[in-house]
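Notes for the structure review
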2 protein chains.
Amino acid sequence: MNQLKGACIIGQSGGPTAVINASAQGVIQTALAQDCITRVLGAAHGIKGVLDDKLYDMSQENPAELDLLQYTPSSALGSCRYKLADPDVDDTDYKRILEIFQKYDVRYFFYNGGNDSMDTCNKISKYMQKMNYECRVMGVPKTIDNDLNGTDHCPGFASAAKYIATSCAEVWQDAHVYDTGMVTVIEIMGRHAGWLAGSAALASLTGCGPDLVYLPEVDFDMDQFLADVKRIYDATGKCMVAVSEGIHYADGTFVSEAKTSATDGFGHAQLGGLAAMLAEMIKDKTGAKVRGIELSLLQRCGSHVGSRTDIDEALLAGKAAVEAAVSGTTDKMVAFKCSRDGGTYVCETSLEPLDIVANIEKKVPREWINAAGNGIEQPFIDYVLPLIQGEPGNPKENSLPRFARLKKVLTTSM
Amino acid sequence: MNQLKGACIIGQSGGPTAVINASAQGVIQTALAQDCITRVLGAAHGIKGVLDDKLYDMSQENPAELDLLQYTPSSALGSCRYKLADPDVDDTDYKRILEIFQKYDVRYFFYNGGNDSMDTCNKISKYMQKMNYECRVMGVPKTIDNDLNGTDHCPGFASAAKYIATSCAEVWQDAHVYDTGMVTVIEIMGRHAGWLAGSAALASLTGCGPDLVYLPEVDFDMDQFLADVKRIYDATGKCMVAVSEGIHYADGTFVSEAKTSATDGFGHAQLGGLAAMLAEMIKDKTGAKVRGIELSLLQRCGSHVGSRTDIDEALLAGKAAVEAAVSGTTDKMVAFKCSRDGGTYVCETSLEPLDIVANIEKKVPREWINAAGNGIEQPFIDYVLPLIQGEPGNPKENSLPRFARLKKVLTTSM
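Residues numbered from 1 in each chain as written. Chains lettered and ligands numbered in written order. Predicted model: local features only at pLDDT ≥ 70, side-chain atom pairs only at ≥ 80, totals over all residues. Heavy atoms only, no water.

1. Focus on the interface of chain A and chain B
Rules: Here, two residues are considered to be in contact whenever any of their heavy atoms come within 4.5 Å of each other. Two parts placed together each lose some accessible area under a 1.4 Å probe, and adding up what both lose gives the buried area. Just to be clear on terms, a salt bridge is a Lys or Arg side-chain nitrogen sitting within 4 Å of an Asp or Glu carboxyl oxygen. Definition of a polar contact: a pair of N or O atoms within 3.5 Å, with one able to donate and the other able to accept a hydrogen when the atoms are protein atoms, and with sequence-neighbouring residues admitted only if both atoms are side-chain atoms. To qualify as a helix, a DSSP run of H or I must reach at least 4 residues; to qualify as a strand, a run of E must reach at least 2; elements of each kind are numbered from the N terminus.
Between chain A and chain B, the contact holds 64 residues from the first and 64 residues from the second. When chain A packs against chain B, close to 5,600 Å² is buried across both sides, 58% of that on carbon and sulfur atoms. Here chain A and chain B share 6 salt bridges between them. A salt bridge links Asp179 of chain A to Lys48 of chain B; its shortest N-O distance comes to 2.9 Å. At the junction of chain A with chain B, the criterion picks out 30 residue pairs in polar contact (both at pLDDT 80 or more). Looking at the side of chain A that touches chain B, the elements that each hand over two or more residues are helix H6 (157-175), helix H9 (269-286), strand E9 (290-294), helix H10 (298-301) and strand E13 (400-401) of chain A.

So this is what it looks like as structure tokens:
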């Protein structure tokens, strides 16, 4: 084994999820246990913390608090949306990163994020190689959108999917309480991929699912949409619709941004968002009482109804990244290879090249969406259902969530 | 004991809560166990089910499914918002109700709802007395708004409060993830009373609470509001605000409906609601990135994060109503008398006159709100905290909620 001694940095990047901190916990706890890793440093707000020399000494944290990271939504170390320049055009940031790495003798770099974060990882890794600075760089995936290429699924997705399915089932109960007409539109995150909006259909397993589901994988047709809703509403007096925020017309225009004559008077759509706009149009068309509900940030931080499977896999991804790096691996992203044969779900980690995610957004296969483009087929359910299993088991204080409380002691010296 | 033999009817009315079905379960199971109650009938959509002769035979239900009612949000029998006329003006409905009561020999009537439902109870009771038809009428309280007079608190409130506090704590984590500015406005139900909006402050017990809380008990001043937000935002780069949907100006105009010159351009506020409108105004004032989040129906049907205390008390209220009626009581509402002395919470039922709730909305005492009118004082926390304790313990199937599935067999004959 090619043993490399030195410090490690763990950074978190991009939008929060319910379990990105579980991955950080996996990295931190595994790294703290390695003889060859001399220090474990947490970067404040991702790569910005490296550039700003704002690094937390993770050995100062109470181990019991580190254990609570798996139950704590959002990024405990802080996140960023900082995009590194092409090093051939401007290598200022890279020089600075190398300087910090040298200052703390950083030989391991773990970056926890989505597409852009893997790109950051890749650029840093290539630069360090070019400069003959030995440093093992590993990506740990996360995104609620589940659009990362090269992995069966992505930590963070399943907990959001479970939040969405649970909330849809509950809202269905509420929206069916009167014997008067009611149409409910639920707006779900996912700008380009419909994994989350499709997960609303899981609510049907409780007997209380949406009647219609619209994903960005299928071009949206407003007339057809209104006809779909009217048909169900006329037949049953109720209709529950789940829509992805990313639904768009055939020309690529997002429905949420479109200001056609049909949507005139709704020019302030950015105020209330897509659900409110669609609800208003349905009201015009059917006369129904309507309610637009945007799940907003709630769906990506709802750790109280997270998936234990998701938490465990997020922990595993972090652990696997450290173990692989210590064993000599670099330049890889931890991914999942899963089998669902005969209804038995098995998930194992694999190591994929960092650029496997570049420029590819993994979308819902067209054949997992029904022909009419307004519902989900069984293979989608079979894919997602194993991922949402298990209660998070999150500890409470005063019957409210007990989140990790980190001291975040800044490193002041070597 | 004055034993009265005959059938009973249970009806649910008004807006759904997470635990109104627990009260129905308490009534149904207790009634089924009484020798003097010959049949237990569930009214479809409250008093409308009586008027329409749509009554379900509850003895046909699987007892295991009845047990699941306590975990099932919304009104399983169906609800209504039907207001009975003054019987001195128009007694058509009352004659019909008497006819149905006579048809099924109904001698017990339990009605589960808020202010209007207690009024319905009261009118029916008085009419039956006038017609010399012996029938014991009992009100079982529910409302998420907690504005019922004559009771320490109301079943349904605590579960909604717990949902709100949990969600606020999670959103706080999410909204603090970047080192860039961010203002979040969370809109909470409660048109005239601020019990729910105030409960957002419970999130502070997790270390992640709102910076500002606005209740309808205090007149709203837009300039002061924007100044409050700006002050906190300028100092910390973040601000999280919880507002009641019912905040209003000194002249009584709801902020959500006001179209002053200051809100021009936001005339479509009904589309996105109050949170979106306030967020947009804060953006104009501070330049901050903003996010308006409306908890909408989610907060009143979120049984997955309900309060076990609330469920137990809702069950108890239903049981107490039947036991009191069988013992000879009529014309009463079940209420709670609670003690919190020395931090020990004790809740007991009492029986109050049905008209105790008439024309009175119980509001948050002014002294439980801070002097500036933008936050909550400790007595409010001490009042609410015992009510949200305990996990609901709701069973799952596929890791999703397992709601009660009632057969709802219509009664076709005596």
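From this point, the narrative continues.
2. Re the sheet that holds strand E1 (residues 6-12) of chain A
All names here are of chain A. Where we set the bar: Any two strands are treated as partners once DSSP identifies two or more bridges connecting them. As a rule, the C-alpha atoms of each element are fitted with a line to give its axis, helices using only the stretch in contact, and angles between N-to-C directions run from 0 to 180 degrees.
An order of E3-E2-E1-E4-E5-E10-E11 is seen for the 7 strands of this open sheet, with the pairing classed as mixed. In this open sheet, the two edge strands, each paired with only one partner strand, are strand E3 (55-57) and strand E11 (346-353). In this sheet, neighbouring strand axes are inclined to one another by 30° on average, regardless of whether the strands run parallel or antiparallel. Alignment of E1 against strand E4 (residues 106-113), held across 6 bridges, turns out to be parallel. Bridging across to E4, Gly11 finds its partner in Tyr111. Strand contacts of helix H4 (residues 92-104): E1, strand E2 (37-43), E3 and E4, with the helix running at about 125° to E4, the strand carrying the most contacts.

3. Things to note about the environment of Pro141 of chain A
All names here are of chain A. Positionally, Pro141 belongs in strand E5 (residues 136-141). In the structure, Pro141 is positioned 193 residues away from Val334 in sequence and 6.8 Å away in space, judged by C-alpha atoms. Excluding its chain neighbours within four sequence positions, the residues that come into contact with Pro141 are Asn112, Gly113, Met118, Leu148, Cys154, Pro155, Met333 and Val334.

4. Considering the relation of the copies chain A and chain B
Condition: When the copies are overlaid, the least-squares fit takes in C-alpha atoms only where the residue has pLDDT of at least 70 in both copies.
Mapping chain A onto chain B calls for a screw motion: a turn of 180° about the axis and a shift of 0.0 Å along it, with 0.0 Å RMSD after fitting. What the rotation and shift describe, once combined, is the action of a two-fold rotation axis. When the interface residues of chain A are mapped onto chain B, 100% of them are again interface residues, pointing to one common binding face.

5. Here's the deal with the packing of aromatic side chains
We count it as follows: When two rings of Phe, Tyr or Trp (its six-membered ring) have centres within 6.5 Å they constitute a pair, described as stacked for plane angles under 30 degrees, edge-to-face for angles over 60, and tilted for the intermediate range. Relative accessible area decides the class of each residue, using a 1.4 Å probe on protein chains only: under 20% of the type maximum gives buried, over 50% gives exposed, and in between gives partly exposed.
One pass over the full model with this rule turns up 28 aromatic pairs over all chains. Ring centres of Phe220 of chain A and Phe225 of chain A lie 5.1 Å apart, and the angle between their planes is 45°; on these two criteria the pair is classed as tilted. Summarising the burial analysis for this pair, Phe220 of chain A and Phe225 of chain A share the class buried. Each ring, one from Tyr108 of chain B and one from Phe110 of chain B, has its centre 6.4 Å from the other, and the planes form 5°; the classification is stacked. Owing to a relative accessible area of 0%, Tyr108 of chain B belongs among the buried residues under this scheme.

6. A short note on the nonpolar core
Just so we agree on the cut-off: We define a nonpolar core as any set of buried Ala, Val, Leu, Ile, Met, Phe, Trp, Tyr and Cys residues linked to one another through side-chain atoms lying within 4.5 Å.
Ile188 of chain A together with Ile188 of chain B are the most contacted members of the largest nonpolar core, which totals 98 residues. In this structure, Ile188 of chain A is in contact with Ile164, Leu196, Ala197, Ala200, Ala242, Val243, Ser244, Glu245, Leu295 and Gln299 of chain A, ignoring residues within four places of it in sequence.

7. A look at the environment of Ile97 of chain B
All names here are of chain B. With respect to the element layout, Ile97 can be found in helix H4 (residues 92-103). The sequence separation of Ile97 and Leu400 amounts to 303 residues, and the corresponding C-alpha distance is 40 Å. Not counting residues within four places of it along the chain, the set of residues in contact with Ile97 comprises Ile47, Val50, Leu51, Leu84, Ile124 and Met128.

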